[in-house]
Amino acid sequence: LSRISLLKMATSLLLILLLLPLSWSNNHPSKNGIVDALKVFGGISSSSNKAYNVGRVSAGDSGMEISSLGIGTWSWGNRFLFDYNPSQDEELYEAYRELRQAGVTFFDTADSYGTLDLNGRAEILLGSFERRYRMEQGIDDSDNSVSKRKNEEESSLPAWLDLVGGKSLSMSPSSYLPQQVATKLAPYPWRITPNQVVQAAKGSLRRLEQPKLAVAQLHWSTAKYQPFQERALWEGICQVYEQGMCDAIGVSNYGPVQLQKISKFLQEEKENEVPLAIAQIQYSLMTYGQEQTQDMNSVCDDVNCRLVSYSPLCLGLLTGKYTLDNLPKSKARQQLFRELLPGAQDLLSTLEVVAKEYNRSQSQVAINWCMSKGTVPIPGARNAAQAKENLGATGWSLKSDAILALDMAAKQVGKPMIQNIFQTK
């Protein structure tokens, strides 16, 4: 054993001897006291040990599997709607770690996420968070000799030292599931050639400091206001795939009609050699009453891609935390909720009843409902508590009667959530 390992062992044993007396009461050891003592120096992880069941689902014909629950990073860098500032980054990382340890791999982001000078901030954070996570798990590959030496050193220690910090309790490389970043590239007015889309993807990879995206997406369609640009965008996103910068492509804010058009383009022009993995729209109980939202399920089945539901909690309205007397801090969300809440009371009441019946929170029911529709929801998470809340939506399923009750309440919402301005038919 190296001197460092011997010193670590000796220090761990000494700390146990010093801290164990604190866990004794009435001549009986307190299990919690022992565990707390071990947590002090890393013998047992202080993070939640609660088991979550985040499954894996297919993403179209791409051959790719993604986590059944994803996470959206719209709030990471967004001052306007979410009051972001860089001092929150450590909290964001705690959420990220919680999600990754539970098996979440799919992270949706965009090159436009981040307000003004923070443009691209979400991509930067995603890249740095994954590098930090890999290092914490002992699977960092930036210096293979160091990692190899560390693994050899730890494997020579006896198993009983696991509890005293002699061996790492981190994830083994064999159980590690790589991060899957799905970046949306904005069809800015100046991106009018295929090469400009390719250069945008290269910019995203630079911010992520990664060689490849899981999915390169078009953030929206220009069909409604600049249709001549659409063909160049399609060609460009295909070139991103053809140049090996992503494993598959995807689209966002494409309605059923436009989704069928790009699918036909991929079939006829690209001979199905460019896999369309995902299509995402705003999809929640607050949008389900709109015919277009319901049509997306069948069209995604027809073109064989996975439907991803963004904003599944309707910016937090479906959490049950907000009323007209208790609105979010953001001025923009305050105005929106003033308009939406009056017509959503029956839905919120139904959501509350179902949540109590299943002993879950309203947000967990709302997310699980999205999963029951075959979608991969991508709620946001800005701290560990929100991450755990989202994870609580996995590992169980709503029964058909609850789904039907929620469907009916959703279709009767007085004023549905407004669709994205760029959403096409």
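Our subject is the structure listed above.
Residues numbered from 1 in each chain as written. Predicted model: local features only at pLDDT ≥ 70, side-chain atom pairs only at ≥ 80, totals over all residues. Heavy atoms only, no water.

(A) Main features of the overall build of the protein chain. Scanning the protein chain from terminus to terminus reveals 15 helices and 12 strands. Counting contacts in the protein chain only where the partners sit at least 6 residues apart, residues at least 24 apart contribute 78% of the total. For the protein chain, the exposed surface amounts to about 19,800 Å²; the carbon and sulfur share of it is 52%. (Helix = DSSP H or I, 4+ residues; strand = E, 2+ residues; numbered from the N terminus. Contact = heavy atoms within 4.5 Å. Areas by Shrake-Rupley, 256 points an atom, 1.4 Å probe, with all protein chains shown as cover.)

(B) Here's a closer look at the nonpolar core. In terms of nonpolar packing, the biggest core is built from 101 residues, with L259, L285, M286, L317, L318, W369 and L398 touching the most fellow members. Those residues in contact with L285 that lie beyond four places of it in its chain are L318, L347, L351, A366, W369, L406, A410 and V413. Listed in part, the 15 residues of the second largest apolar core include A59, I66, V215 and A248. (Core = buried A, V, L, I, M, F, W, Y, C linked by side-chain atoms within 4.5 Å. Buried < 20%, exposed > 50% of the residue type's maximum accessible area, 1.4 Å probe, protein only.)

(C) The arrangement of the pattern of salt bridges in detail. Overall, the coordinates contain 17 salt bridges when judged by the stated rule. Between R132 and E90 there is a salt bridge, with its nearest N and O atoms 2.8 Å apart. Here R132, found in helix α5 (residues 121-136), pairs with E90, found in helix α4 (residues 89-102); they are 42 residues apart in sequence, far enough to count as distant. Residues joined by salt bridges that share partners form a network here, namely R231, E235, E242, E269 and K270. (Salt bridge = Lys/Arg side-chain N within 4 Å of Asp/Glu carboxyl O.)

(D) A look at the packing of α4 against helix α14 (residues 384-391). Two elements in contact, α4 and α14, have axes separated by 7 Å at closest approach and are oriented at 30°. Our classification of the angle between α4 and α14 gives roughly parallel. At the point where α4 passes α14, the crossing takes the right-handed sense. Where α4 abuts α14, its residues E91, E94, A95, E98, L99 and A102 lie against A384, A387, K388 and L391. Grouping the amino acids of the contact of α4 with α14 by side-chain chemistry returns six nonpolar, no polar and four charged. (Axes fitted to C-alpha atoms, helices over the stretch in contact; angles between N-to-C directions. Parallel < 35°, antiparallel > 145°, perpendicular 65-115°, else oblique. Left-handed = near helix turned anticlockwise from the far one by under 90°. Nonpolar A, V, L, I, M, F, W, Y, C, P; charged D, E, K, R; others polar.)

(E) Seen up close, the packing of aromatic side chains. Tallied over the full model, the rule gives 15 aromatic pairs. Judged by centre distance (5.7 Å) and plane angle (50°), the rings of Y96 and F129 are tilted. Linking Y96 in helix α4 with F129 in helix α5, this pair joins segments that are 33 residues apart in sequence. In this structure an aromatic cluster arises from ring pairing among W76, Y93, Y96, F107, F129 and Y133. (Phe/Tyr/Trp six-rings, centres within 6.5 Å; stacked < 30°, edge-to-face > 60°.)

(F) View of the environment of S349. Along the chain, the position of S349 falls in helix α12 (residues 345-358). On the basis of relative accessible area, S349 is assigned to the partly exposed category, the value being 38%. Sequence separation between S349 and Q362 is 13 residues, and the spatial gap between their C-alpha atoms is 9.9 Å.

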